[in-house]
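Notes for the structure review
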Amino acid sequence: MIKHKSNQTRTYDRDGYKKRAACLCFRSEREEEVLLVSSSSHPDRWIVPGGGMEPEEEPAVAAVREVCEEAGVKGTLGRSLGVFENRDRKHRTHVYVLIVTEVMDDWEDSVNIGWMGTGRKREWFKTEEARRVLQCHKPVQASYFQALQQDCVSSNGTYNIHQHTLSSSR
């Protein structure tokens, strides 16, 4: 299913969930520091860069495109952490690890997104601090770090996130 908006095309899976992709962008392979970006709707809050998949776009390609647009970074795409489901918002997000190799001075969302045209901000966080920062307003995104630590995926590769808990679906 495809839905057109004025500035984007949204794609949905067979269950009506929005198809999304994102990356945990790490400064190095040690995975000790991760890059977060400011939310476009709440500039004082930090989020994991990611967004909607385009029609016919592979999840890994969408994840790399979204982090380039939102965070202004490029890098080496690593392992998949799984598919995370947010039942409240009806999203399913494919999440990957990305090791950053290039940080751009100017990028798409640095000028096009943000309150009063200030642009999206980005900041490096220690991994555990990033998880804490996300826990209060983005519990699904905070759970990406739990999957990172466990480095495992359920039998069908989907995580269900509901009421701030992480459980594998059957």
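Residues numbered from 1 in each chain as written. Predicted model: local features only at pLDDT ≥ 70, side-chain atom pairs only at ≥ 80, totals over all residues. Heavy atoms only, no water.

1. Topic: the overall build of the chain
Across its full length, the chain holds four helices and 11 strands. Relative to its full complement of 170 residues, the chain shows a buried share of 47%. Taking the intrachain contacts of the chain between residues at least 6 apart in sequence as the baseline, contacts between residues at least 24 apart amount to 62%. (Helix = DSSP H or I, 4+ residues; strand = E, 2+ residues; numbered from the N terminus. Buried < 20%, exposed > 50% of the residue type's maximum accessible area, 1.4 Å probe, protein only. Contact = heavy atoms within 4.5 Å.)

2. Focus on the nonpolar core
Leu24 and Leu81 are the most contacted members of the largest nonpolar core, which totals 21 residues. Tallying contributions element by element places helix H4 (residues 139-150) first for this core, with six residues. Residues Cys23, Leu35, Tyr96 and Val100 belong to the second largest nonpolar core, which totals 15 residues. (Core = buried A, V, L, I, M, F, W, Y, C linked by side-chain atoms within 4.5 Å.)

3. Here's the deal with the pairing of strand S4 (residues 33-38)
The element S4 is largely enclosed, with a buried count of five among its six residues. Bridging between strand S3 (residues 18-26) and S4 involves two bridges; their strand directions are antiparallel. The partner of cysteine 25 across the bridge, within S4, is leucine 35. Counted between consecutive antiparallel strands, the loop separating S3 from S4 contains six residues, among which glutamate 31 sits at a positive phi close to 55°. Here five bridges tie S4 to strand S9 (residues 122-126), and the two strands are oriented antiparallel to one another. Along S9, the bridge assignment pairs glutamate 33 with lysine 126. (Pairing = 2+ DSSP bridges.)

4. Some details on the side chain of threonine 11
Looking at the element boundaries, threonine 11 is found in strand S2 (residues 9-11). Judged by its relative accessible area of 5%, threonine 11 is buried. One polar contact links the side chain of threonine 11 to the main-chain carbonyl oxygen of methionine 53, over a distance of 2.8 Å. (Polar contact = N/O pair within 3.5 Å; in protein donor to acceptor, adjacent residues only side chain to side chain.)

5. Quick word on unusual backbone geometry
You will see that glutamate 31, though not glycine, has its phi angle at about 55°, which is positive. Overall, the relative accessible area of 18% leaves glutamate 31 in the buried class.

6. Observations regarding the packing of aromatic side chains
On inspection of all chains with the given rule, the structure shows two aromatic pairs. It is arginine 92 that lies over the ring of tyrosine 17; its NZ or CZ is 4.0 Å from the centre. (Phe/Tyr/Trp six-rings, centres within 6.5 Å; stacked < 30°, edge-to-face > 60°. Lys NZ or Arg CZ within 6 Å of the ring centre and 35° of its normal.)

7. Quick look at the environment of glycine 51
Examined against the element boundaries, glycine 51 turns out to sit in strand S6 (residues 50-52). Residue classification places glycine 51 among the buried residues on the basis of a relative accessible area of 7%. Residues glycine 51 and glutamate 66, spaced 15 residues apart in sequence, show a C-alpha to C-alpha distance of 6.0 Å. Ignoring anything within four residues of it in the chain, the contact list for glycine 51 reads Lys19, Arg20, Ala21 and Glu66.

8. Regarding the environment of valine 37
If you trace the backbone, valine 37 turns up in strand S4. In this structure valine 37 comes out as buried when scored by relative accessible area, which is 0%. When the C-alpha atoms of valine 37 and glycine 72 are compared, they prove to be 9.8 Å apart, with 35 residues separating the residues in sequence. Those residues in contact with valine 37 that sit more than four places away from it in its chain are Arg45, Trp46, Ile47, Pro49, Glu70, Ala71, Arg120, Lys121 and Arg122.

9. Focus on the packing of helix H3 (residues 127-135) against H4
Closest axis-to-axis distance for the H3/H4 pair is 7 Å, and the angle between their directions is 150°. Judged by the angle between their axes, H3 and H4 are roughly antiparallel. For H3 against H4, the interelement crossing comes out left-handed. Facing H3, whose interface residues are Thr127, Glu128, Ala130, Arg131, Leu134 and Gln135, H4 presents Pro139, Gln141, Ala142, Phe145, Leu148 and Gln149. Split into classes, the residues belonging to the contact of H3 with H4 amount to six nonpolar, four polar and two charged. (Axes fitted to C-alpha atoms, helices over the stretch in contact; angles between N-to-C directions. Parallel < 35°, antiparallel > 145°, perpendicular 65-115°, else oblique. Left-handed = near helix turned anticlockwise from the far one by under 90°. Nonpolar A, V, L, I, M, F, W, Y, C, P; charged D, E, K, R; others polar.)

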